[in-house]
Amino acid sequence: MLTARERIERQKSRPALVVLHRALSRLGSTLTVMNTGAHPDDEHSGMLAAMRFGLGMRVVIACSTRGEGGQNSLGAERSGALGLLRSREMEEAARVLDADVAWLGHGPDDSVFDFGFSKNGTDTLARWGRDTIIARLAIAYRRYRPDIVIPTFLDVPGQHGHHRAMTEAAEAALALAADPAFLTAGLEPWSVAKYYLPAWSGGGDTYDDEVPPPVATVEMVAPGRDLPTGASFSAIGEWSRAYHATQGMGRWITDPKTRWPLHLRQGPPAAETDIGANLPATLAELADLLPAGPADALRAAQQQIDFAQRAYPDRPAVISALLQAATAIEHARAAAGDAALRAHGHRLERKLVEIDAALLLAEGIDPIAWAEPHRLPAGGAAVLQVQLDGSSLPVTATPLGNADIDVGAPVAAAHGLSFALTLSPDASPSRQFAPDFASLGGNGPLKVAISASIEGRLASMVIDLEEPLTIAPAHSVTLEPATIILNRLKPAATPALAIAVRPAQTGARLALDAPGGWQVQRTADGFVVTPPADLPSGLYRLPLQIDGQPGFTDQAIAYPHIGRTHFRAPQALSILALDLALPAHARVGYVGGGSDRVGYWLSAMGLDVTDLDDAALAGDLSGLTSIVVGTFAFGQRPALLAITAKLRAWVEAGGHLLTLYHRPSDGWDPQSTPPRPVRIGSPSLRWRVTNPAAEVNSLLPNSPLLTTPNAIGPEDWAGWDKERGLYFAAEWDRAYEPLLAMSDAGEAPLQGALISAKIGKGRHTHTSLVLHHQLDRLVPGAFRLLANLVQPA
């Protein structure tokens, strides 16, 4: 559960009058707009803020992947763990925009996943399954019934292949969603009224659209500023984008954008002056499509909604008007007829749900709920607390849980109500990647329905728990170490592995599933694992078994902006056997930026490594032969950026500085950050090689960095994952020599992946290869190359 300080911070971020205004602003439109993208952070946040808070539209963000193949500026989470972290970031970003999220991909084990940067939309669709992603989008169209669909990016050369694929799929799904022959249980065909393309270029620091954007046919114009906060809608968009912290998002806005040009690709041929033209954008405009009786009722409802919005913050006046609006909508619904309800009933149902939420908030009913504890194993027990203070009206709280959760009778408490919770003993662990996120609540396996009678109307809403109730695995197992680098050039018995089982399971049977010829001996605190003599080079994985079932590791993920979550993955002991020569007399310092594990791997290789904290950076560095600066570190470590002159002097005195890839925005001044000028290429799409199997040519095959102590050959470039590298150097001082050349198919070779310069008595080497990722993937060649790159100058 949240700490008191966390709860206070959350309360401060939700002033009651702002929350009420948000609820009232939902009532201003009957339209739904869907913004499609490929990754968390692809949404066009400023425009969506204007649509939601300025125009009252319902906003849905359709996202194909969880971003698991992207970068992480905050920490070392990768792959599935990063996907879970970025999913939480997307949910919190959507919460700021009061938007729903429709996930089309469900994590790294799904066919629709973020496999890394792509320059080709066709290839992306082939890897995802073209029919799969189009069908999932069509289902999302039918479920959310958007009137308007807008992809964030154009399908043009120079754009990310994932973005291109999503834009192609978004258009292809329009016909499929409307096709009665495409059967989806419980969902009727739906025709999207308008499909727009952005009439702006997607170029910039990352992408480089080669084709001009289409001509604008209409502009989405922000209607002034947000009333309760006084902020521009662009600024609110940045409040949302700041939650994408792993991607370094969130900018301070000095010149708020107020217009977004759009190109109508598919829709009514009639001229339009705004995106809501020729659509039933309000209840009053919807009334024009209905017979006289229900039409009059909807016009009356619109008048009351308009009055409630004008009356804000006069709570009694707001309540009176909303009660009349709800009654009128119910009359219209009852008289509309089947055909009208099939076409527009969802709009009326949504408005009634939104009115109920606004009524409760206007009455001061804004409860919170939490479970103590919020995370427990199958068969575990907890207490659900619901805080109901804030209103003089009797309020009912009804927990809504799935079949695995037994909820006891309510017990009165000083703050409201409490309920005993018991999980079924055979409950399965919680789903890690939720299929959607609902802005009006109802997320997670347990939520609470809140209701109260307000002047004869029973108003209800559903609230989420502060932190979702999570069913944890019965065993959370950690192998220490979980990975061993077995150097065949220095044979030695593998160390004992300490196993901690949390929570303690005294009767659990633990075993490692080892291949033939391996010896595994159980000890009091773990195992002793002995591989066969003369073990061939390769990667060996020994899965952990607990009571005959796969054992899992449970990685805690906690950041202030997303709270706490856990990533669950099967646990195994991994042993990489390879021939790895280490440089003689190397004493390596590592400066991490928190976004890679290179320091850990250097130690695992058997090198003498010192982790350089801020105090060490300020101290004497002369005892080190080599210093490795981790990814993004100049941007993450101010103490490092402050000693660039000191590092330059250390290099000139004989040190070897190895800098791993940086973005231009990571504190990298081309003139002053490296010992000699090095400019990183931009836009990055032009300065990366996305094919992990791209041919690598040695430009200086006799360089010690490619020969000593390991002779780097074609086999060392085999088995790479995701990509070769990114943020390649584009220009460099004449002192530097490029060592490698590589390219994606059909492109000119790039030579900025690995450059090195002799400077004074020392050396600076800069690499844009994704070594940190290959190390995590246990690619042998990455370890052998890294050993060479940290040799003394």
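It should be noted that the structure appears before, not after, this text.
Given the structure is predicted, the values throughout are model-derived calculations rather than measurements. (Residues numbered from 1 in each chain as written. Predicted model: local features only at pLDDT ≥ 70, side-chain atom pairs only at ≥ 80, totals over all residues. Heavy atoms only, no water.)

### Comments concerning the overall build of the protein
Right, so step 1: Broken down by element type, the protein carries 20 helices and 40 strands.
Right, so step 2: Its C-alpha atoms give the protein a radius of gyration of 29 Å, near enough to 28 Å, the size a compact globule of 793 residues would have.
Right, so step 3: Along the first, second and third principal axes, the C-alpha atoms of the protein reach 90 × 65 × 55 Å.
Right, so step 4: Burial status across the protein gives 55% buried among its 793 residues. (Helix = DSSP H or I, 4+ residues; strand = E, 2+ residues; numbered from the N terminus. Rg over C-alpha atoms; globule rule 2.2 N^0.38 Å. Buried < 20%, exposed > 50% of the residue type's maximum accessible area, 1.4 Å probe, protein only.)

### What about unusual backbone geometry?
Right, so step 1: Between Glu372 and Pro373 the backbone carries a cis peptide bond, its omega angle lying at -10°.
Right, so step 2: You can see Pro373 is positioned in the loop between strand 8 (368-372) and strand 9 (375-377).
Right, so step 3: Here the bond from Ser682 into Pro683 is cis, since omega is 0°, no more than 30 degrees from zero.
Right, so step 4: Take Pro683: it is sitting in the loop between strand 34 (678-680) and strand 35 (697-698).

### Quick look at helix 4 (residues 79-97)
Right, so step 1: In this model helix 4 runs 27 Å from its N-terminal to its C-terminal C-alpha over 19 residues, within 8% of the 27 Å that 1.5 Å per residue would give.
Right, so step 2: The element helix 4 is extensively covered by neighbouring structure, given that 16 of its 19 residues are classed as buried.
Right, so step 3: Within two residues after helix 4, Asp98 carries a phi angle of roughly 55°, on the positive side. (Expected span 1.5 Å × (residues − 1).)

### A few points about the sheet that holds strand 7 (residues 259-266)
Paired through their backbone hydrogen bonds, the strands of a sheet run either parallel or antiparallel.
Right, so step 1: Strand order in the open sheet formed by 8 strands is 6-7-5-4-1-2-3-15, with mixed pairing between adjacent strands. Looking at strand neighbours, the two that pair on one side only are strand 6 (218-221) and strand 15 (436-437), the edges of this open sheet.
Right, so step 2: Across 2 bridges, strand 4 (residues 148-151) lies against strand 5 (residues 194-198) in parallel orientation. Note on strand 5: the bridge partner recorded for Val149 is Tyr195. (Pairing = 2+ DSSP bridges.)

### Here we look at the pattern of salt bridges
Right, so step 1: One pass over the full model with this rule turns up 43 salt bridges.
Right, so step 2: Where Glu354 meets Arg350, a salt bridge forms, and the shortest distance between an N and an O atom there is 3.0 Å. Of this pair, Glu354 and Arg350 both sit in helix 12 (residues 338-362), 4 residues apart, which is roughly one turn of that helix. (Salt bridge = Lys/Arg side-chain N within 4 Å of Asp/Glu carboxyl O.)

### Concerning the packing of helix 5 (residues 121-128) against helix 7 (residues 161-178)
Right, so step 1: Their axes nearest at 7 Å, the elements helix 5 and helix 7 cross at an angle of 75°. Between helix 5 and helix 7, the angle is such that the two are roughly perpendicular. Along its contact with helix 5, which presents Gly121, Thr124, Leu125 and Trp128, the element helix 7 presents Gly161, His162, Arg164, Ala165, Met166 and Glu168.
Right, so step 2: When its residues are assigned to classes, the contact of helix 5 with helix 7 shows 4 nonpolar, 4 polar and 2 charged. (Axes fitted to C-alpha atoms, helices over the stretch in contact; angles between N-to-C directions. Parallel < 35°, antiparallel > 145°, perpendicular 65-115°, else oblique. Contact = heavy atoms within 4.5 Å. Nonpolar A, V, L, I, M, F, W, Y, C, P; charged D, E, K, R; others polar.)

### A look at the side chain of Glu272
Right, so step 1: Among the structural elements, Glu272 can be located in the loop between strand 7 and helix 9 (283-287).
Right, so step 2: Relative accessible area serves as the criterion here: at 12%, Glu272 is assigned to the buried category.
Right, so step 3: Side-chain polar atoms of Glu272 contact the side chain of Lys194, separated by 2.5 Å.
Right, so step 4: When sequence neighbours within four positions are dropped, the list of residues in contact with Glu272 reads Lys194, Tyr196, Thr217, Val218, Leu264, Ala277 and Asn278. (Polar contact = N/O pair within 3.5 Å; in protein donor to acceptor, adjacent residues only side chain to side chain.)

### A word on the sheet that holds strand 17 (residues 457-464)
Right, so step 1: With antiparallel pairing, 3 strands are arranged side by side in an open sheet as 11-16-17. Edge strands, defined here as strands with exactly one partner in the open sheet, are strand 11 (396-401) and strand 17. Going from strand to strand, the sheet's axes swing by 25° on average, the running direction of each strand aside.
Right, so step 2: Note: strand 11 against strand 16 (residues 446-454), 6 bridges, orientation antiparallel. From the neighbouring strand, Ala397 faces strand 16, where its bridge partner is Ile450.

### Examining the packing of aromatic side chains
Right, so step 1: Under the counting rule described, the total for this entry stands at 10 aromatic pairs.
Right, so step 2: Plain terms: the ring middles of Phe113 and Phe115 are 6.0 Å apart, the flat faces sit at 70° to each other, and that makes the pair edge-to-face.
Right, so step 3: Taking relative accessible area as the criterion, Phe115 reaches 8% and is therefore assigned buried.
Right, so step 4: Here Trp518 and Tyr540 contribute two aromatic rings whose centre-to-centre distance is 5.4 Å and whose plane-to-plane angle is 55°, an arrangement assigned as tilted. In this pair, Trp518 sits in the loop between strand 22 (510-512) and strand 23 (519-522) while Tyr540 sits in strand 25 (residues 538-546), placing the two residues 22 residues apart along the sequence.
Right, so step 5: In this structure Tyr540 comes out as buried when scored by relative accessible area, which is 18%.
Right, so step 6: Of the aromatic side chains, those joined through ring pairs into one cluster are Phe117, Phe153 and Tyr207.
Right, so step 7: Sitting over the face of the ring of Trp370, Arg7 holds its NZ or CZ atom 4.1 Å from the ring centroid.
Right, so step 8: Sitting over the face of the ring of Phe115, Arg127 holds its NZ or CZ atom 3.8 Å from the ring centroid. (Phe/Tyr/Trp six-rings, centres within 6.5 Å; stacked < 30°, edge-to-face > 60°. Lys NZ or Arg CZ within 6 Å of the ring centre and 35° of its normal.)

### Side note on the nonpolar core
Proteins that are soluble and globular tend to have nonpolar side chains buried together.
Right, so step 1: Within the largest apolar cluster, 66 residues are counted, with the highest numbers of intra-cluster contacts made by Leu24, Leu298, Leu322, Leu384, Val386, Val448 and Ile450.
Right, so step 2: Tallying contributions element by element places helix 11 (residues 315-335) first for this core, with 11 residues.
Right, so step 3: Those residues in contact with Ile450 that sit more than four places away from it in its chain are Leu360, Ile365, Pro367, Val386, Leu388, Val395, Thr396, Ala397, Ala459, Ser460, Met461 and Ile463.
Right, so step 4: By size, the runner-up hydrophobic cluster in this structure holds 43 residues, among which are Tyr590, Leu740, Val779 and Val790. (Core = buried A, V, L, I, M, F, W, Y, C linked by side-chain atoms within 4.5 Å.)

### Quick notes on helix 2 (residues 16-25)
Right, so step 1: Judged by how many residues are buried, helix 2 sits mostly within the fold: 8 of 10 residues are covered.
Right, so step 2: For helix 2, the set of buried residues is Val18, Val19, Leu20, His21, Arg22, Ala23, Leu24 and Ser25.
Right, so step 3: In this structure, the buried side of helix 2 is in contact with helix 3 (45-54), helix 8 (233-241), helix 10 (292-311), helix 11 and helix 12.

### Section: the environment of Pro291
Right, so step 1: Its place among the elements puts Pro291 in the loop between helix 9 and helix 10.
Right, so step 2: We classify Pro291 as partly exposed; its relative accessible area is 47%.
Right, so step 3: Put simply, Pro291 and Glu731 are 440 residues apart on the chain and 70 Å apart in space, counted from C-alpha to C-alpha.

### Notes on the packing of helix 3 against helix 8
Right, so step 1: Running from N to C, helix 3 and helix 8 point in directions that differ by 115°, and their axes come no closer than 7 Å. For the pair helix 3 and helix 8, the sense of crossing is right-handed. Of the residues in helix 8, those touching helix 3 at Ser45, Gly46, Ala49, Ala50, Phe53 and Gly54 are Phe233, Ser234, Ile236, Gly237, Ser240 and Arg241.
Right, so step 2: Class assignment for the residues of the contact of helix 3 with helix 8 results in 5 nonpolar, 6 polar and 1 charged. (Left-handed = near helix turned anticlockwise from the far one by under 90°.)

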